[in-house]
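Coordinate inspection notes
These are the residues of each chain, in order.
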Amino acid sequence: MSIKMDDYIATRADVRTYLEHALAENARATADEAGLYASVKAALLASNARLVAHYYVDPMLQKLAEETGGVVADSLEMARFGARCESPELIVAGVSFMGETAKIPSPEKRVWMPTLDATCSLDLGCPVDAFSDWCDAHPDRTVVVYANTSAAVKARADWVVTSSIAIDVVDWLDQRGEKILWAPDRYLGRYVQRQTGADMVLWDSACVVHEEFRMHDLAKLRAVYPEAGLLVHPESPEEMVDAADAVGSTSQLIRAAVDLPHPAFIVATDKGIFYKMQQAVPNKRLIEAPTRGAGGTCQSCAHCPWMAMNGLQGLSRLLRDWPVACEVQVDPEIGQQAVRSLNRMLEFTRSQRP
Ligand code: SF4
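Our subject in this report is the structure included herewith. Counting restarts for each chain, with residues numbered from 1 along the sequence as it is written. It should be noted that, the model being predicted, local features are given only for residues of pLDDT at least 70 and side-chain atom pairs only at 80 or more, the latter also being counted only at that level, while totals for whole chains, interfaces and linings use all residues.

**Structural notes on the environment of alanine 308**
Secondary structure is summarised from DSSP: a helix means a run of H or I of at least four residues, a strand means a run of E of at least two, and numbering begins at the N terminus for each. Locating alanine 308 in the fold gives a position in the loop between strand S12 (285–288) and helix H16 (312–321). Taking the C-alpha atoms as reference points, alanine 308 and valine 57, 251 residues apart in sequence, are found 6.2 Å from one another.

Okay, structure coming up:
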């Protein structure tokens, strides 16, 4: 069923309203709620921990990370920050694989999350036993996994990559004549395959957020905003990627918003990114890309349900009680195996060679 154009304007166009609402929430809140942000900030500053927040979490948490010496970043930069940060404790606002990715290279650090129940459809869609069987069935291939996987899957892999570095790594491996086994995101895998021409066999899983972006309503939105460029995360369906003015990871999309001349952008990724993207381009208009359920039937509606589990209340509880259930644990043996594939990526980013 198609929806009315007015509905697009109402539901997809006004990112500033979303941001203003999110950021003004504190100011409009009751005295108790307004005090929550201040008390969490004070507790964070008084602790030994630094807040490492992903671009997709609540803008209030991103703001908190900015104001307390933490970082707001994509998963690659989150991993780098965690490894170089001198603080003995990290609080990761994101999803569980990000907590594990912070813990693996720094096992001596204590890593916490507001909730360990925040997972990822790609991680869930790649259970380690099935993945290991798949690897065993392709012994001639180099195993490259996306960061959005469990520590156990990383431990079985030769390489870990994020979306910002996947093309560079696979291209380098391809030039060495290596054939690739790729998991878990089929859309990103297909995109990397097309960009590099590498011989790749792909696992079949997808991100519930990006898979919902759809072309059929995009044309209508572009008719309303003909001046807008299209920014697309490569976890999105291929036809979206093909129509894009820029394709890339979260940090690459923010950079593209700055570099491209368009005065407006339709953005196909989680809407949490608008907080940092609007900071980077304060005078440009940002518009949510249509999902398959712009009429109200979308599953994620351009916001990851697991990223949404991170909030000020949970962070406040964590900083008060430091509950055991919120501390990220990685089996030391798995961690020792996973750190090799993870460090290859971190080394590659330093030198563009492992
Ligand atoms: S946005 Fe998609 S890839 Fe990212 S954590 Fe959520 S489900 Fe996973």
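Here the narrative resumes.
**Focus: the nonpolar core**
What makes a nonpolar core is a set of buried Ala, Val, Leu, Ile, Met, Phe, Trp, Tyr and Cys residues, with links drawn between C-beta atoms within 7 Å. Exposure criterion: with C-beta atoms placed from backbone coordinates, a residue whose C-beta has 20 or more other C-beta atoms within 10 Å is buried, one with 12 or fewer is exposed, and one in between is partly exposed. If you look at the biggest cluster of nonpolar residues, it comprises 106 residues, and the most contacted ones within it are Ile91, Val144 and Leu231. When residues of this core are assigned to their parent elements, the largest contribution, five residues, is made by helix H10 (residues 166–175). Note that contacts rest on C-beta atoms placed from the backbone: two residues are in contact if these are within 7 Å. With near-sequence residues (within four places) excluded, valine 144 lies in contact with Ala157, Asp158, Trp159, Val161, Val169, Val170, Ile180, Leu181 and Trp182.

**Overview of the environment of tryptophan 182**
When you line up the elements, tryptophan 182 lands in strand S7 (residues 180–183). Considering only alpha carbons, one finds tryptophan 182 and valine 145, 37 residues apart in sequence, at a separation of 5.8 Å. Residue contacts for tryptophan 182: discarding those within four places in its chain leaves Val144, Gly189, Met200, Val201, Leu202 and Trp203.

**Observations concerning helix H17 (residues 332–351)**
By this rule, a helix spans an expected 1.5 Å times one less than how many residues it contains. Over its 20 residues, H17 runs 28 Å from end to end, which matches the ideal 28 Å to within 8%, given 1.5 Å per residue. Two axes are fitted around each residue, one to the seven residues ending there and one to the seven starting there, and the angle between them is reported as the bend at that residue. Where H17 bends most, the angle comes to about 30°, and this point is valine 339. Of the positions making up H17, those classed as buried are Gly335, Ala338, Val339, Ser341, Leu342 and Met345. Contact partners of the buried residues in H17: helix H6 (96–103), helix H9 (151–156) and strand S6 (159–161).

**A closer look at the sheet that holds S6**
Paired through backbone hydrogen bonds, the strands of a sheet run either parallel or antiparallel to each other. In this analysis, strands are considered paired if DSSP registers two or more bridges between them. Taken in spatial order, the four strands of this open sheet run S6-S5-S7-S8, and their pairing is parallel. The sheet is open, and its two borders are formed by S6 and strand S8 (200–202), each paired with just one other strand. On average, adjacent strands in this sheet sit at an angle of 25° to one another, irrespective of strand direction. Axis angles are defined between N-to-C directions and span 0 to 180 degrees, where every axis is a line fitted to C-alpha atoms and, for a helix, only to the segment in contact. Sitting on the sheet, helix H11 (residues 186–196) is in contact with strand S5 (142–146), S7 and S8, with an inclination near 165° to S8.

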